[in-house]
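Structure at a glance
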Amino acid sequence: MNLLGALIRGRRRAVRYGRERLPEGTYIELVQSLFGHTAPALIMTLCFAGTGAYLLSHTDDALLLLFYGLGLITSSIRLFVLFGLRRRALVPGVGINVTRAIERSFGIAYIAFAVAFGAFAARGYATVGGDLHVPLVALVYGYGAGVAATVALRLWISVTAILIAIVPMIVTALFVPGDANWAAAVLTGLFLGGGVMSMVQRYREISGQISMRRLMETLARQDDLTGLPNRLVLRERFEQLIARSDESELIAVHCLDINQLDPVNKMYGHMAGDALLRAVAQRLRRVVRGDNLVIHLNGDDFVIIQPGMVDAAEAGGLAHQIVATLDKSYAVRGDDIIITANIGYAVDIQQGADLERLLLSAERALASGKRGPSGVTAYDGTHWGRETGQKA
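Everything in this summary refers to the structure shown in the same document. Keep in mind it's a predicted model, so treat the numbers as computed, not measured.

Along its length, the protein chain carries 13 helices and ten strands. Counting only C-alpha atoms, the protein chain reaches 95 × 45 × 25 Å along its principal axes. Taken over 392 residues, the protein chain has a buried fraction of 46%. Taking the contacts inside the protein chain whose residues are at least 6 apart along the sequence as the reference set, 70% of them involve residues at least 24 apart. With an accessible surface of roughly 19600 Å², the protein chain has 60% of that area assigned to carbon and sulfur atoms. Separation of charge centres in the protein chain, based on 38 positive and 34 negative side chains, amounts to 5 Å.

Here it is in structure tokens:
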């Protein structure tokens, strides 16, 4: 059931691009694959420049020269986009909208070169003959291999580019007299069809593998009951936060405990108690936003990480807001049930903060607060302040 639920949630967060429907994380990783290798693009530019210059040295065809010049320009643009967007595309945590824009820019530049290359290859095959066909055909085959090796995982780019670049030469070869030209056209067409089928198959296999791997990674970092991140994410996220902070920022760790859960379990059963915890998790998601993080540790224990504060009073404000949100009725099997929440929290300078120490301090504050009415307790290192966070 947990795997099925994760799959359903992944489908809801899927990205639609044309007829594709992919989980966001899978889509982003597939786009990032476009920037994994830069050497093939550099090699293709050099080979195109060299082969084109060699062919032009044997003919003065104006159209071939024009297509050669367009090919050099679009190839340069393609390299500029590849290297210019590479760092931005591969940055950890890149967003979906940024990824879409990056893919669009890459695809336009890539297909633009394919158009110029296809026109050059077709014109070159029509104007030169004999042995000069050999380097031209080799260049076309090399281009196809490069497309299959580097951009096959984005089919709208790879299939479009390879068809635009190769089909014009195939058509031209069919109209050039000679059995060898017919054979070259037929063989190239067969290889092209096989290459496209191979790219489609590879895309399906790799995208499926990526989706499953990411799903397993998500399940390993997700609480089964509430769908919230678990203890593993708590440590990973905390380390990321303290690594990128400055000395002016504060961070708070809140330990949250739900009261009245045991009576609900005894009266209504554990399934009702689980439903109550899921409802609590939903309310926490609504009130804890931005860079703040909600973690379900176990049972009725939750942890909230509140980074990037400029004033320690912000921690008290969030704690009171959480308590006010949770201290309301919940519908359980037709009955309205009132629960209360206790929060203990600790604040420290974010840069270099120690998670275990903050958790221990917040837990001590929470334990102290449980002795009185439900509310908020702050730990300042020496005493606990009830509600206001001031020293007792």
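In this model helix H13 (residues 355-369) runs 21 Å from its N-terminal to its C-terminal C-alpha over 15 residues, within 8% of the 21 Å that 1.5 Å per residue would give. Along H13, the residues classified as buried are Leu355, Leu358, Leu359, Ser361, Ala362, Ala365, Leu366, Ser368 and Gly369. Among the residues of H13, the N-terminal cap falls to Asp354, whose side-chain oxygen and the backbone nitrogen of Glu356 are separated by 3.3 Å.

The subject of this paragraph is the nonpolar core. In terms of nonpolar packing, the biggest core is built from 59 residues, with Phe106, Phe117 and Tyr143 touching the most fellow members. Only helix H2 (24-32), helix H3 (39-56), helix H4 (62-90), helix H5 (96-127), helix H6 (133-150), helix H7 (155-175) and helix H8 (179-220) provide two or more residues apiece to this core. The element that contributes the greatest number of residues to this core is H5, accounting for eleven residues. In contact with Phe117, other than residues within four places in its own chain, are Met44, Phe48, Leu139, Val140, Tyr143 and Ala165.

This paragraph deals with the packing of H2 against H5. Two elements in contact, H2 and H5, have axes separated by 10 Å at closest approach and are oriented at 35°. Remark: the crossing between H2 and H5 carries left-handed chirality. Within the contact between the two elements, H2 uses Glu24, Tyr27, Ile28 and Val31 and H5 uses Ile96, Thr99, Arg100 and Glu103. In terms of residue class, the contact of H2 with H5 is made up of four nonpolar, one polar and three charged.

This part covers the side chain of Asn230. Relative to the helices and strands, Asn230 resides in the loop between H8 and helix H9 (231-243). The exposure class of Asn230 is buried, given its relative accessible area of 15%. Separated by 3.2 Å, the side chain of Asn230 and the backbone nitrogen of Leu232 make a polar contact. Ignoring anything within four residues of it in the chain, the contact list for Asn230 reads Ala220, Arg221, Gln222, Asp223, Ile295 and His296.

Counted residue by residue, strand S3 (residues 250-258) has nine buried out of nine residues, so it is predominantly covered. Every second residue of S3 is oriented toward a common face, with Leu250, Ala252, His254, Leu256 and Ile258 on one face and Ile251, Val253, Cys255 and Asp257 on the other, all of them buried. With seven bridges connecting them, S3 and strand S5 (residues 301-309) associate as antiparallel partners. Paired with Leu250 across the two strands is Met309, which belongs to S5. Sheet topology note: the S3/strand S8 (residues 341-349) ladder contains nine bridges and is antiparallel. Paired with His254 across the strands is Tyr345, a residue of S8.

What follows deals with the side chain of Asn181. By secondary structure assignment, the location of Asn181 is in helix H8. One polar contact links Asn181 to Tyr125, side chain to side chain, over a distance of 2.7 Å. Once residues within four sequence positions are removed from consideration, Asn181 is found in contact with Tyr125, His133, Ala173 and Val176.

Let us look at a nonpolar patch on the surface. Taken together, the side chains of Leu163, Val167, Val171, Leu174, Phe175 and Trp182 make up a nonpolar region of the molecular surface, amounting to roughly 560 Å² of accessible area. If you trace the backbone, Phe175 turns up in helix H7. Note on Phe175: relative accessible area 68%, which makes it exposed.

Turning to H4, a few remarks are in order. Over its 29 residues, H4 runs 41 Å from end to end, which matches the ideal 42 Å to within 8%, given 1.5 Å per residue. Along H4, the positions that sit buried rather than exposed are Leu64, Phe67, Tyr68, Gly71, Thr74, Ser75, Arg78, Leu79, Val81, Leu82, Leu85 and Ala89. Tucked inside the fold, the buried residues of H4 contact H2, H3, H5 and H6. Of the residues that open H4, the one with a side-chain oxygen 3.2 Å from the backbone nitrogen of Leu63 is Asp61.

Along the polypeptide, Asp301 turns up in strand S5. Residues Asp301 and Asp257, spaced 44 residues apart in sequence, show a C-alpha to C-alpha distance of 4.9 Å. In this structure Asp301 touches Leu256, Asp257, Ile295 and His296, once residues within four positions along its chain are discounted.

Conventions adopted
Residues numbered from 1 in each chain as written. Predicted model: local features only at pLDDT ≥ 70, side-chain atom pairs only at ≥ 80, totals over all residues. Heavy atoms only, no water. Helix = DSSP H or I, 4+ residues; strand = E, 2+ residues; numbered from the N terminus. Buried < 20%, exposed > 50% of the residue type's maximum accessible area, 1.4 Å probe, protein only. Contact = heavy atoms within 4.5 Å. Areas by Shrake-Rupley, 256 points an atom, 1.4 Å probe, with all protein chains shown as cover. Lys, Arg positive; Asp, Glu negative; His and termini not counted. Charge placed at Lys NZ, Arg CZ, Asp CG, Glu CD. Expected span 1.5 Å × (residues − 1). Polar contact = N/O pair within 3.5 Å; in protein donor to acceptor, adjacent residues only side chain to side chain. Core = buried A, V, L, I, M, F, W, Y, C linked by side-chain atoms within 4.5 Å. Axes fitted to C-alpha atoms, helices over the stretch in contact; angles between N-to-C directions. Left-handed = near helix turned anticlockwise from the far one by under 90°. Nonpolar A, V, L, I, M, F, W, Y, C, P; charged D, E, K, R; others polar. Pairing = 2+ DSSP bridges. Patch = residues over 30% accessible without salt bridge, like charges linked within 9 Å, V, L, I, M, F, W, Y side chains within 5 Å. Salt bridge = Lys/Arg side-chain N within 4 Å of Asp/Glu carboxyl O.

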